[in-house]
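Residue-level listing of the chains:
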Amino acid sequence: MNTNTKVSRKATQLNEITDRNFTVVDLLNLNTNVKAPTVRMHIKRNVAAGRYIATGTLKSGKRGKPSIVYTIATVPAA
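(A) Spatial organisation of the side chain of N46. By the secondary structure assignment, N46 is in helix α2 (residues 36-49). With residues near it in sequence (within four places) discarded, N46 still touches E16, R51 and Y52.

Encoded structure:
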């Protein structure tokens, strides 16, 4: 007998950077107890919800893809 009650884990609370632009690496350095995939999914969900905006890229000067720079949206998405 399936009652379809959804039992899941609580979302991990992350410290956010609200006063400047940030990258995934910046959030990882701020939240040392959280793994990288969790931080990436947090950013992806907030971009889809309109809370974060991708503002550009940042080259590190090393090999590989440049990092995407995010900022918090000033006006909440309707």
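(B) Fine view of the layout of surface pockets. Of the pockets and cavities examined, the largest pocket occupies roughly 180 Å³. Forming the boundary of the largest pocket are K10, A11, T12, Q13, L14, E16, P37, T38, M41, H42 and R45. Class assignment of the residues belonging to the lining of the largest pocket gives a composition of four nonpolar, four polar and three charged. Looking at the second largest pocket, its volume works out to about 160 Å³.

(C) A look at the packing of aromatic side chains. The tally for this structure, following the rule as stated, stands at two aromatic pairs. Ring geometry for F22 and Y52: centres 5.2 Å apart, planes at 75°, overall edge-to-face. Placement of F22 in the segment before α1 (24-30) and of Y52 in strand β1 (residues 52-58) is noted, with a sequence separation of 30 residues between them. With a relative accessible area of 1%, F22 lands in the buried category. Residue Y52 is classed as buried on the basis of its relative accessible area of 2%. An aromatic cluster is present here, built from F22, Y52 and Y70 joined pairwise through their rings.

Cut-offs used in this document
Residues numbered from 1 in each chain as written. Predicted model: local features only at pLDDT ≥ 70, side-chain atom pairs only at ≥ 80, totals over all residues. Heavy atoms only, no water. Helix = DSSP H or I, 4+ residues; strand = E, 2+ residues; numbered from the N terminus. Contact = heavy atoms within 4.5 Å. 1 Å grid on protein atoms, 1.4 Å probe; cavity = no way out; pocket = protein on both sides within 12 Å on 5 of 7 lines; lining within 4 Å. Points joined across faces, edges and corners; volume = space filled by probe spheres on them. Nonpolar A, V, L, I, M, F, W, Y, C, P; charged D, E, K, R; others polar. Phe/Tyr/Trp six-rings, centres within 6.5 Å; stacked < 30°, edge-to-face > 60°. Buried < 20%, exposed > 50% of the residue type's maximum accessible area, 1.4 Å probe, protein only.

All quantities given are derived from atomic positions and should not be read as evidence of function.
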